[in-house]
Amino acid sequence: MTIETVGIVGCGLMGSGITQVCAQAGYRTIVMESSENSLELGMGRINNFLSRDVSKDKLTNTEKVATLDRITSTTKYEDLASCDLVIEAVTENLNEKKLVFQTIDSIAPPHAILASNTSSISITELAAETNRPQSILGLHFFNPVPIMRLIEMVVGLQTNKKTIEIGRHFGKSLAKEVIETKDTPGFIVNYLLIPYLLDAVRLVESEVATKEDIDAGMILGCEHPLGPLKLLDFIGLDTTLYIADVLLKAFNSDRYSAPPLLRKMVAAGITGRKSGQGFYKYN
């Protein structure tokens with residue numbers, strides 16, 4: 001099967017980035033959001049990202065225009081009826097994702113592959129909401145999508161070899177490195193990353209060191225591009241807490257037990273860069 005048209009459900013931070021890279025790779029791309037306002041914000045984010053690349057001579061203005069011309073935005077699920085691949089990129093919430101998969105399964109053509117950008121939710125469980133479990137997989141992109149080169153391809157219990165092959169080829173067509181993982185909570189990256197981030201919060205909570213020194217230690221001592229607390233702000237404290245709770249429920253291990261400080265910050269609406277404040281303050 002040749003993928004020509006890609007649908008994206010969700011035009012937030014991740015959805016807009018996935019939309020951009022698909023369109024830049026030459027795919028006709030249809031992005032769907034629940035409201036015109038959300039679409040406008042997402043399309044504005046794409047335009048700004050492309051404009052920055054033009055200003056840095058990474059992209060010509062002609063290429064920018066061509067990319068935007070390949071994108072169709074909509075608030076109607078029905079407009080995804082011609083897609084060969086639909087990628088769900090809504091908020092990390094099991095019930096919301098289940099509803100999306102039920103809906104796109106009823107609209108997308110029989111040959112279409114349905115994928116989720118989830119970072120922690122079971123692909124097998126989402127596939128069970130459809131009549132095509134063999135054609136469901138995870139395509140977990142990383143933020144910011146146009147820059148980060150990795151895709152975690154998650155194989156569900158019933159995902160067939162043809163779907164895996166098409167998913168891998170699609171990821172490579174976006175100039176991404178594709179790593180394959182079984183459908184286990186946290187997959188590869190978050191299985192390893194979340195305990196590290198939670199431990200950084202525990203160090204702050206117990207006043208072992210300042211946030212600046214904790215971050216500097218990992219940047220200078222381990223050559224990480226970001227310290228764990230800056231990374232937490234970037235990912236979103238609420239997103240991290242949600243994933244930690246998913247992993248705690250799955251593994252019943254203290255390494256995934258969120259520190260009280262993290263829960264308090266999320267309850268107070270302090271969720272990181274997107275809220276203007278996390279462990280650091282942002283304009």
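Residues numbered from 1 in each chain as written. Predicted model: local features only at pLDDT ≥ 70, side-chain atom pairs only at ≥ 80, totals over all residues. Heavy atoms only, no water.

## Regarding the state of the cysteines
Okay, so step 1: The tally for this structure, following the rule as stated, stands at 0 disulfides.
Okay, so step 2: With no disulfide of its own, C11 lies closest to C22 among cysteine sulfurs, the gap being 12 Å.
Okay, so step 3: The closest cysteine sulfur to the non-disulfide-bonded C83 is located on C22, 10 Å from its own sulfur.
Okay, so step 4: Judged by relative accessible area, C83 falls into the buried class, the value being 0%. (Disulfide = S-S within 2.5 Å. Buried < 20%, exposed > 50% of the residue type's maximum accessible area, 1.4 Å probe, protein only.)

## Considering the pattern of salt bridges
Okay, so step 1: Counted under the stated rule, the structure contains 11 salt bridges.
Okay, so step 2: Linking K97 and E88 is a salt bridge whose minimum nitrogen-to-oxygen distance equals 2.4 Å. Here the two residues K97 and E88 agree in accessibility, since each one is buried.
Okay, so step 3: As a salt-bridge pair, E129 and K98 come within 4.0 Å of each other at their nearest N and O atoms. Of the two residues, E129 is situated in the loop between α5 (123–127) and β6 (136–141) and K98 in helix α4 (residues 94–107); the sequence distance between them amounts to 31 residues.
Okay, so step 4: Here the residues in one salt-bridge network are E88, E92 and K97, joined through shared partners. (Salt bridge = Lys/Arg side-chain N within 4 Å of Asp/Glu carboxyl O. Helix = DSSP H or I, 4+ residues; strand = E, 2+ residues; numbered from the N terminus.)

## Focus: unusual backbone geometry
Okay, so step 1: Here N143 and P144 are connected by a cis peptide whose omega angle stands at 0°.
Okay, so step 2: By secondary structure assignment, the location of P144 is in the loop between β6 and β7 (150–155).
Okay, so step 3: The backbone phi angle of F187 is positive, close to 55°, even though this residue is not glycine.
Okay, so step 4: Mapped onto the secondary structure, F187 falls in the loop between β8 (177–182) and α7 (189–205).
Okay, so step 5: Assessed through its relative accessible area of 3%, F187 is described here as buried.

Geometry only, nothing functional implied.
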